[in-house]
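# Survey of secondary and tertiary structure
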Amino acid sequence: MEEDNLSPLANHAGGNLPHSRYLKSRRLSISAEACNFDSDGEEEGSGKDLVVVKHPKSNEQLARLSSAISKTFVFKALNDEQRELVIDSMYEKCVVKGNDVIRQGDDGDNFYIVDAGVFEAIVERDGKSEVVFKYDNSGSFGELALMYNTPRSATVRASTDGVLWTLSGEMFRQIVLKAARKKREEFRKLLQSVTILKELSTYELENVADALILKKYKNGECIFKEGDQAYELYFVLAGAVEIRMLDKTNRQSGQQVKITECPIGSYFGELAWLKKDPRAASAYAIGNITLAELDVYAFERLLGPCREIMERNAKAYEKPLIEKFGSMA
C-alpha cells in the first residue's frame with residue numbers, strides 16, 4: 001500500500017503535574033518568517049503573507065507532537081511541508097484542573113491537541129450540563145468553530161492538570177482549513193456511492209469527508225488480519241474487498257474461509273469497534289482498490305446517526321457465521 005523556557009509547566013508552581021519531563025525544557029528562541037499560500041494552501045510566490053511564528057522544540061517534544069499529529073484527523077490532508085509548518089507553529093499550554101480551555105458560545109481562537117491529562121466536553125442544554133465526551137490523554141478539539149466560523153458548541157474543562165498542544169486560529173485556517181477544503185471537495189462525490197452515509201446531513205457528511213484518508217491497495221493485498229486491534233473502519237470507493245475467517249471447524253489447518261465480499265458503496269471493519277474486540281476476520285483487496293479510511297475516534301464523534309444501523313446490520317452479518325461455525329468465537 002501505496003520560548004525562553006519553552007515549557008509553560010515550568011512556570012506553574014505547586015501543581016500535581018502529569019509529566020515531570022516538561023520541567024526539563026532547555027532555553028530556546030522563537031523565530032518568525034512569512035510564507036505565501038494560494039487558495040489550496042500551497043506555498044507560492046504570490047498571495048497573502050502569513051507570518052509563521054516558530055516555537056523551537058526539543059527532540060523529545062518533536063517526537064511527542066509528531067506522534068500526536070499523526071493520530072489527529074484534521075491534519076490528514078496536509079502535505080509534508082504543511083505538516084512541518086504546523087509542528088513548528090504549535091506550542092505547549094499548561095492547564096490546571098478545573099479550568100476551562102474553551103467555553104460554549106465563545107468565538108473560536110485556537111485548536112488543541114491533548115498531550116497529557118483528562119478533559120471533559122460539556123454541553124449546556126435547558127439549564128443543565130451534560131458531559132458528552134471525555135479526552136483521556138489523547139484526542140483533539142476546537143476545530144469545528146474554526147472550520148465553520150461558528151461559536152464553540154461545547155465547553156472543554158480540565159478534569160486533571162494537563163498539557164495541550166496549541167495552534168492559533170489563523171494558522172489553522174490558512175494551512176489546515178484550506179487543505180481540508182480541497183480534500184472535502186475531492187471526497188464529496190466519492191462518498192455519494194456509500195449508502196449508509198445517506199443517513200447523514202450535508203454538514204455531517206462534510207465532517208466525515210474532512211476526517212477520511214484515501215487508501216489504495218493492490219490485488220490480494222491484506223488490509224487487516226484476523227486478531228488485529230481495530231483502529232479504523234473502511235468505505236469501499238472503487239473495487240471490492242473479500243472478507244475471510246480462519247476455518248473454525250479445522251483450526252490446525254490455518255485455512256481461511258471466504259465469508260463475503262464488500263462491493264463499491266459498502267463498508268467494513270466496524271464490527272470490531274462496535275464490540276470492542278480484536279478483528280474477527282481478515283480483509284483482502286480484490287483487484288486494485290480504493291478505500292476511504294476513518295479512525296475510530298472520528299467514528300465516535302461523527303457517525304452517531306449511523307451507529308444504530310451498523311449495529312443492526314452487524315447482527316445480520318453474524319447469523320450466517322453462527323450457522324456455519326456454530327459461534328463467532
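An account of the accompanying structure is given in this report.

## Points about the sheet that holds strand β8 (residues 140–141)
- Spatial ordering of the open sheet is given by β3-β10-β5-β8, a layout of four strands whose pairing is antiparallel. Looking along the sheet, the strands with just one partner apiece sit at the ends: β3 (91–95) and β8.
- Direction of pairing for strand β5 (residues 110–116) relative to β8: antiparallel, over a ladder of two bridges. Paired with I113 across the strands is S140, a residue of β8.

## A short note on helix α5 (residues 202–211)
- Within α5, seven of the ten residues are buried, which leaves the element mostly enclosed by the surrounding structure.
- Every buried residue belonging to α5 is among L205, E206, N207, V208, A209, D210 and A211, and all of these are buried.
- On its buried side, α5 packs onto α3 (143–148), α4 (169–191), β11 (213–217), β16 (282–295) and α7 (296–302).

## A few points about the packing of aromatic side chains
- Taken as a whole, this structure holds nine aromatic pairs when the rule is applied.
- Each ring, one from F111 and one from F172, has its centre 5.3 Å from the other, and the planes form 35°; the classification is tilted. Within this pair, whereas F111 is found in strand β5, its partner F172 is found in helix α4, the two being separated by 61 residues in sequence.
- Taking the relative accessible area as the measure of exposure, F111 reaches 0% and is therefore buried.
- Through a chain of ring-to-ring contacts, the aromatic side chains of Y112, F119, F133, Y135 and F141 assemble into a single cluster.
- Its guanidinium or amino end placed over the ring of Y284, R244 lies 3.9 Å from that ring's centre, counting from NZ or CZ.
- The lysine or arginine in question, R279, covers the ring of F224, its NZ or CZ lying 3.9 Å from the ring centre.

## Thoughts on the pairing of β11
- Across the two faces of β11 the burial differs, with I213, K215 and Y217 buried and L214 and K216 not buried at all.
- Direction of pairing for β11 relative to β16: antiparallel, over a ladder of five bridges. Bridging from a neighbouring strand, Y217 pairs with I289 of β16.

## Side note on unusual backbone geometry
- Positioned with a positive phi, N137 is a non-glycine residue whose angle comes to about 60°.
- Within the element layout of this structure, N137 appears in the loop between β7 (128–136) and β8.
- At N149, a position not held by glycine, the phi torsion is positive, near 55°.
- Its location among the elements puts N149 in the loop between α3 and β9 (155–158).
- When its relative accessible area of 68% is taken as the criterion, N149 is described as exposed.

## Comments concerning the pattern of salt bridges
- Inspection of the entire model under this criterion finds 13 salt bridges.
- With its nearest N and O atoms 3.6 Å apart, the salt bridge here joins R64 to E60. Of this pair, R64 and E60 both sit in helix α1 (residues 59–70), four residues apart, which is roughly one turn of that helix.
- Beyond isolated ion pairs, a larger network of salt bridges with shared partners links E60, R64, E92 and D115.

## Description of the side chain of S140
- With respect to the helices and strands, S140 occurs in strand β8.
- Beyond its immediate sequence surroundings of up to four residues, S140 is in contact with T72, F111, Y112, I113, Y135 and R301.

Criteria and thresholds
Residues numbered from 1 in each chain as written. Predicted model: local features only at pLDDT ≥ 70, side-chain atom pairs only at ≥ 80, totals over all residues. Heavy atoms only, no water. Pairing = 2+ DSSP bridges. Helix = DSSP H or I, 4+ residues; strand = E, 2+ residues; numbered from the N terminus. Buried < 20%, exposed > 50% of the residue type's maximum accessible area, 1.4 Å probe, protein only. Contact = heavy atoms within 4.5 Å. Phe/Tyr/Trp six-rings, centres within 6.5 Å; stacked < 30°, edge-to-face > 60°. Lys NZ or Arg CZ within 6 Å of the ring centre and 35° of its normal. Salt bridge = Lys/Arg side-chain N within 4 Å of Asp/Glu carboxyl O.

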